[in-house]
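# Architecture and fold: a report
Each chain, written out:
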Amino acid sequence: MNPSQKLLKLLREVKRICVLTGAGISAESGIPTFRSEDGIWKKFKPEELASMDAFLKNSELVWEWYQMRRKVVREAEPNAGHLALVELEKSCPSFTLVTQNVDGLHRRAGNSNILELHGNIERSYCIECHFEENDPEEARLKCLKCGGKMRPGVVWFGEALPETTFLEAERAASDCELFFCIGTSAVVFPAAALPEIAQRNGAYLVEVNLEPTELTPLCDESFHGKAGEILPKLLSSDFL
Ligand code: OAD
Ligand code: ZN
């Protein structure tokens, strides 16, 4: 890998950094991505599992699927890519980590300014009375308060993103000087609009991904390889 002098200078000097992550950053923690050969959406159809219609038709199946994913997430540990972003946050006066991931690994790694665009798999809430359960160990399909159905606290197909969270993400993207897009296929909107918003407002756009994506042509600089290897190297003192 061969970062430009411009990027190294920016990493040393900029005050405002925004990072967008996707499933790829958690791949090395053993959490399957969505669109790769062995990705989640190759095995399951989104409309059969990740939508309100599916949940209303077949709540138990959907609930079981999320319980299975909760277990995978619980057993996973943050990897070197997550940890590099913790160091980046420490070194930067204004740092925003926008993630499409629902696995909570950025928080467990130690980042603090995190915007979860697609919710969090550990949370669940009742579709009738909105009672909320944040402890995944206590997650159950039937609401303790009213007997209604509890759903996972994630954003499903056909649903809007949490409004204030997205507005904050848009603000961070437009205000930053350096924007990183890490481990995302960048095809799911509106999250995929953030890199462009950042660049339009003058940010330097950098991608880290296993392979070229639809975003690559737009980027000022792209690194192809594993986030868990590239990020620690890029942010190491050997370079900076
Ligand atoms: P995808 O599965 O679409 O993309 C994962 C990306 O990570 C791909 O571009 C891979 O090349 C890349 N990748 C895989 N392993 C990597 C590694 N070790 N290091 C770096 N990159 C790696 O996942 P997302 O872009 O996150 O939405 O998908 C976006 C949204 O689509 C998800 O949040 C989910 C899904 O439907 C909802 O559930 C609402
Ligand atoms: Zn309830």
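As shown above, the structure is provided for reference.
Let me begin by describing the structure that accompanies this report. Since the model is a prediction, treat every value here as computed from it, not as a measurement. (Residues numbered from 1 in each chain as written. Chains lettered and ligands numbered in written order. Predicted model: local features only at pLDDT ≥ 70, side-chain atom pairs only at ≥ 80, totals over all residues. Heavy atoms only, no water.)

Lining the immediate environment of ligand 1, one finds 23 residues, of which Phe34, Arg35, Thr184, Ser185 and Asn209 sit closest. The side chain of glutamate 28 places a nitrogen or oxygen atom 2.8 Å from a nitrogen atom of ligand 1. The separation between an oxygen atom of ligand 1 and a polar side-chain atom of serine 185 is 2.5 Å. Calculation on ligand 1 without its partners gives an accessible area of 800 Å², and the protein chains cover 92% of this total. Each residue belonging to the shell around ligand 1 can be placed in one class, and the counts come to nine nonpolar, 10 polar and four charged. (Near = heavy atom within 4 Å. Polar contact = N/O pair within 3.5 Å; in protein donor to acceptor, adjacent residues only side chain to side chain. Areas by Shrake-Rupley, 256 points an atom, 1.4 Å probe, with all protein chains shown as cover. Nonpolar A, V, L, I, M, F, W, Y, C, P; charged D, E, K, R; others polar.)

Here we take up the sheet that holds strand β5 (residues 132–133). Ordered in space as β5-β4-β6, the three strands form an open sheet in which the pairing is antiparallel. On the outer flanks of this sheet lie β5 and β6 (150–154), each paired with one strand and no other. Of the pairings in the sheet, the one linking strand β4 (residues 119–126) to β5 comprises two bridges and is antiparallel in character. Note that in β5 the partner of serine 124 across the bridge is glutamate 133. Across the sheet, helix α6 (residues 59–75) is in contact with β4 and β6; its angle to β4 comes to roughly 140 degrees. (Pairing = 2+ DSSP bridges. Helix = DSSP H or I, 4+ residues; strand = E, 2+ residues; numbered from the N terminus. Contact = heavy atoms within 4.5 Å. Axes fitted to C-alpha atoms, helices over the stretch in contact; angles between N-to-C directions.)

Further remarks concern the side chain of glutamate 221. With respect to the helices, strands and loops of the structure, glutamate 221 is situated in strand β9 (residues 221–224). Comment: no salt bridge for buried glutamate 221; closest opposite-charge side chain is lysine 6, at 8.2 Å. At a separation of 2.8 Å, a polar atom in the side chain of glutamate 221 contacts the side chain of serine 4. Look past the residues within four positions of glutamate 221 in its chain and what remains in contact with it is Asn2, Pro3, Ser4, Leu7, Tyr204, Leu205, Val206 and Glu207. (Buried < 20%, exposed > 50% of the residue type's maximum accessible area, 1.4 Å probe, protein only. Lys, Arg positive; Asp, Glu negative; His and termini not counted. Salt bridge = Lys/Arg side-chain N within 4 Å of Asp/Glu carboxyl O.)

All right, on to the pattern of salt bridges then. The tally for this structure, following the rule as stated, stands at 11 salt bridges. One salt bridge in this structure joins arginine 74 and glutamate 137, with 3.7 Å as the shortest N-O distance. Here arginine 74 is found in helix α6, whereas its partner glutamate 137 is found in the loop between β5 and β6, with 63 residues between them in sequence. Using a relative accessible area of 57% as the deciding quantity, one classes glutamate 137 as exposed.

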